[in-house]
Amino acid sequence: MMDVKKIKDEHVTLQEYTYQLGNVDKGYTNRTLYINLSENKIKTKEVTQQMKEKFIGGKGFGLWYLWNAVTPQTKWNDPENEIVIAGGPICGITQYPGSGKSLICTISPLTGIPIDSNVGGYFGPLLKFSGWDALEIQGKADKDVIIVIDGNNGTVKIEEAPLEAIDGHVIGEQLTEMYADSEEDKRNVAVVTAGTAAEHTLVGLLNFTFYDVRRKVARLKQAGRGGIGTVFRNKKIKALVVKYQGVKGNLNNPVDQGTINQTGIKLHKEICKLDDKQNGMRKIGTANIIEVMDEYDLLPTHNFKFGMHKDTHKISSKVFIEKYITQGMADGCWYGCSMACAKAADKFELKTGPYKGHLVTVDGPEYENAAGLGSNCGIFDPHVVLELNFYCDTYAVDTISFGTITAFIMDCYENGIINKEITGGLELKFGNSDAALELLHQMSRGEGFGKVAGQGVHRMKKLFVEKYGADESFLNDIGMEQKGLEYSQYLSKESLAQQGGYALTNKGPQHDEAWLIFMDMVNNQIPTFDDKAEALHYFPMFRTWFGLYGMCKLPWNDIVPESNAHANEPAKIPEHVQNYVDICNAVTGKSIDKDQLIRESERVYNFQKVFNIRMGKGLRVHDRAPYRSIGPVTVEEYESRQDRYDSQLKEILGYEVDGKTTQEKVKVLRKYREEQFEKLQDTVYARRGWTKEGIPKIEHLKEIGMDLPEVLEVLEKVGETK
Amino acid sequence: MIKVNGRDFQWEEGLTVKGLLEKKKYTFPKIYVRINDELIPQEEYATVEIKDGDDVKVIHMMAGG
Ligand code: SF4
């Protein structure tokens with residue numbers, strides 16, 4: 001690595017701002033930091049009571065600032081677009097697992113509407129302890145800059161930084177080294193970066209570091225979705241650095257430390273006792289479900305065509321545990337997370353690309369990465385999955401989008417829509433790992449077909465139709481994107497509720513709103529449309545809440561208390577819901593209950609919905625789903641599950657399948673499934689208080705307390721005046 | 001015939017909870033089994049037999065990314 005002193009000597013300070021250090025009071029510092037890179041302006045903003053009441057923090061603050069920053073015409077690469085990073089009032093406590101998340105909002109290059117992404121690492125909590133509830137960055141720098149917040153001395157600087165690397169794992173190390181006073185001090189430095197591919201694609205992500213004292217490396221956690229890293233590099237930001245020394249358990253100044261301690265201890269004990277028997281999050285993190293998803297025919301394989309594969313055992317969680325992941329290390333992405341799911345493969349030798357031969361630490365694999373980079377592309381080589389994972393992170397490419405993009409390209413290639421000539425020689429067939437790796441390296445270099453792929457599925461579909469004469473309706477069926485965002489990795493064909501969980505979302509098809517496959521498809525627990533709509537109201541709202549307070553959702557449901565076996569509504573994990581109510585009240589001094597918890601989310605969720613409408617999306621037409629997420633598109637797909645589909649046609653529709661061609665059966669099934677989806681949409685909209693067009697009703701906004709004048713103004717424009 | 005999560009499933013002599021989970025390929029680790037609304041402890045899956053006509057609920061908890 002380059003000498004960091006030499007790199008630092010080249011820094012030129014463009015602006016320096018000093019501020020009074022403050023204390024956090026009941027979870028809030030009550031001020032936020034605004035930086036404009038076009039003007040090199042830095043200022044403090046006050047957090048208003050309305051912000052705290054209506055928007056809470058985290059993603060709520062992000063959306064509010066973004067709303068005030070942009071106009072309906074703002075594009076992702078306009079200077080007025082912002083990147084807002086905020087924790088939330090609970091963010092930073094160290095007693096309850098999963099309390100260190102940052103929420104990032106921006107106008108997405110992929111969707112043109114707000115995107116939000118939830119990420120670990122130390123930046124969010126250290127930002128708060130440095131005195132800021134949120135960081136709002138607007139404008140664009142002329143040359144590459146870094147922003148440095150020193151939370152002990154009370155300074156914020158914008159510095160020109162010409163020599164630092166761009167790729168995440170290198171610059172993460174450089175800046176940790178540069179800003180730490182000693183090895184011991186490295187854990188007090190947190191860095192946010194992107195990578196080289198963020199400059200050439202629309203799927204760039206942000207890496208958030210946390211220093212791993214055992215492995216002696218700056219680990220990377222990703223705010224992956226929607227191209228936030230692309231906006232970051234477009235603003236010419238190389239990195240954000242925050243430095244704060246003195247983390248301890250009571251820095252949030254909660255009103256009731258005792259309750260927080262007790263609730264935390266209760267959960268730590270559960271994790272300790274039950275995790276091995278349940279998901280094994282402490283052994284392998286979310287990747288524990290790879291083989292489970294395969295068994296249930298839910299693992300996306302070959303661009304979401306199939307749900308299982310004979311070779312899945314080669315990339316099962318066991319393989320990663322036994323061959324790659326270093327165990328027994330502290331893998332919490334914030335202090336106190338005993339769930340410790342942030343797994344890593346150490347001394348992993350890279351076989352390709354600019355870092356070939358290097359021994360690196362790969363964070364992961366997460367389930368989404370193993371499924372997206374692995375089975376969905378027909379790649380069943382664990383080394384390749386980890387290598388793709390590493391390069392996606394360091395180049396700053398969203399692994400979920402990369403997996404879905406590459407699987408789509410491979411499907412197009414095998415269908416003769418594109419060929420070697422078009423791909424510049426890459427034989428992008430399912431399972432060709434060399435071609436997938438090269439595609440990724442091209443994204444980093446901004447070359448060849450990698451540049452095309454980096455535009456995402458939505459834009460590729462258009463290109464393939466216009467340039468290569470592809471059949472538009474077929475591409476719309478198999479291109480797994482919606483609103484411009486690529487699908488995450490669950491096969492939703494047999495679960496209507498999961499189809500809705502993907503399509504009826506604000507930001508696009510992303511699994512963090514609700515994952516209802518088991519509840520719906522396996523358990524048959526929500527059989528009616530009303531049941532499904534209720535679930536598609538409750539769970540997205542419940543999960544939204546984590547993003548308002550700066551929390552991780554995994555400790556809610558990836559560990560289940562013993563009491564749950566006797567609970568009335570086991571899917572909600574009522575004991576854990578109560579934990580959240582308790583720690584929320586203990587930090588903030590509020591006295592919310594479990595219903596008000598949902599109400600807090602409803603306000604922000606509906607605000608985001610109206611924000612989408614303001615930006616020209618957010619209506620029923622934008623919630624349309626690609627047919628592959630609903631049912632079998634092709635004859636091959638139908639015939640791979642012929643018994644299942646035949647019996648559905650017979651039993652549900654009374655359709656006589658004998659003597660019918662597969663094409664005829666595909667057509668009948670499709671009509672039925674699409675009607676079911678439409679009906680689901682109607683029921684969910686009604687439950688959420690929206691019109692048939694998907695517009696929040698004014699009376700509903702009044703009821704939930706989100707009838708702000710600026711919100712009503714947008715609705716008037718689309719004809720909602722009641 | 002028995003019901004599994006509200007759907008008909010063919011019963012056979014000597015069918016245990018463990019046997020049913022295997023037949024249905026229910027390998028997810030966080031599962032509760034209730035027979036006629038009574039919770040079956042995990043340690044008893046291999047020994048508890050399901051009777052013809054039983055109403056079995058195999059509840060999978062939510063998990064995942
Ligand atoms: S459960 Fe995992 S992702 Fe969530 S806070 Fe803990 S270590 Fe981080």
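All residue numbers here refer to positions counted from 1 along the written sequence of the relevant chain. Working convention: letters from A go to chains and numbers from 1 go to ligands, in the order in which they are written. It should be noted that, the model being predicted, local features are given only for residues of pLDDT at least 70 and side-chain atom pairs only at 80 or more, the latter also being counted only at that level, while totals for whole chains, interfaces and linings use all residues. As a convention, hydrogens and water are excluded, and side-chain values are obtained from all of the structure's heavy atoms.

## Observations concerning the site of the ligand
Distances are taken per atom, and a residue is near a molecule or strand as soon as one of its heavy atoms is within 4 Å of it. Around the ligand, the neighbouring residues are Gly98, Lys101, Asp331, Gly332, Cys333, Cys337, Met339, Cys341, Cys552 and Leu554 of chain A. Each residue gets one label: Ala, Val, Leu, Ile, Met, Phe, Trp, Tyr, Cys and Pro are nonpolar, Asp, Glu, Lys and Arg are charged, and the others, such as Gly, are polar. Grouping the amino acids of the shell around the ligand by side-chain chemistry returns 6 nonpolar, 2 polar and 2 charged.

## Some words on the pattern of salt bridges
Residue and element names in this part refer to chain A. A side-chain nitrogen of Lys or Arg and a carboxyl oxygen of Asp or Glu constitute a salt bridge if their distance falls within 4 Å. As enumerated under the stated definition, the model contains 61 salt bridges over all chains in all. Residue Asp116 pairs with Lys59 through a salt bridge whose shortest N-O separation is 3.5 Å. On the criterion of sequence distance, the pair formed by Asp116 in strand E6 (residues 114–119) and Lys59 in helix H3 (residues 58–69) is long-range, its members being 57 residues apart. Summarising the burial analysis for this pair, Asp116 and Lys59 share the class buried. Secondary structure is summarised from DSSP: a helix means a run of H or I of at least four residues, a strand means a run of E of at least two, and numbering begins at the N terminus for each. Buried means the residue's accessible area, taken with a 1.4 Å probe over protein chains only, is under 20% of the maximum for its type, while exposed means over 50%, and partly exposed covers the values in between.

## Points about helix H23 (residues 594–614) of chain A
For an α-helix, 3.6 residues make a turn, and residues three or four places apart therefore share a direction. Residues and elements named next belong to chain A. Taking 1.5 Å as the rise per residue, H23 with 21 residues should run 30 Å; its terminal C-alpha atoms sit 31 Å apart, in good agreement. Among the 21 residues that make up H23, 17 are buried, leaving the element largely enclosed by the rest of the structure. Trailing H23 by a residue or two, Gly616 shows a phi angle of about 95 degrees, which is positive. Helix span, as expected, comes to 1.5 Å for every residue beyond the first.

## Structural notes on the environment of Ser317 of chain A
Residues and elements named next belong to chain A. Looking at the element boundaries, Ser317 is found in helix H10 (residues 317–323). Remark: the alpha-carbon pair of Ser317 and Asn288, spanning 29 residues in sequence, is separated by 5.4 Å. Pairs of residues are marked as contacts when any of their non-hydrogen atoms sit within 4.5 Å. If we ignore the near neighbours within four places in the chain, the residues touching Ser317 are Ile284, Ala287, Asn288, Ile290 and Glu291.

## With respect to the environment of Ala344 of chain A
Residues and elements named next belong to chain A. Within the fold, Ala344 resides in strand E14 (residues 344–349). Overall, the relative accessible area of 0% leaves Ala344 in the buried class. Note: C-alpha distance between Ala344 and Arg445 (101 residues apart in sequence) is 26 Å. With near-sequence residues (within four places) excluded, Ala344 lies in contact with Arg215, Arg219, Tyr324, Ile325, Thr326, Thr361, Val362, Asp363 and Gly364.

## As for the packing of helix H18 (residues 496–503) of chain A against helix H26 (residues 662–688) of chain A
Residues and elements named next belong to chain A. Only C-alpha atoms enter the line fits that serve as axes; for helices the fit covers just the stretch in contact. Angles between N-to-C directions range over 0 to 180 degrees. Between H18 and H26, the least distance of the axes is 10 Å, while the angle of their chain directions is 60 degrees. Overall, the two elements H18 and H26 adopt an arrangement that is oblique. Between H18 and H26 the crossing geometry is right-handed. Residues Leu496, Gln499, Gly500 and Ala503 of H18 pack against Gln676, Phe677 and Leu680 of H26. Looking at the contact of H18 with H26 residue by residue, the class counts come to 4 nonpolar, 3 polar and no charged. Orientation is classified from the angle alone, with under 35 degrees giving roughly parallel, over 145 giving roughly antiparallel, 65 to 115 giving roughly perpendicular, and any other angle giving oblique. For any pair of crossing helices, the crossing counts as left-handed if the nearer helix is rotated counterclockwise from the farther one by less than a right angle, and right-handed if it is rotated clockwise.

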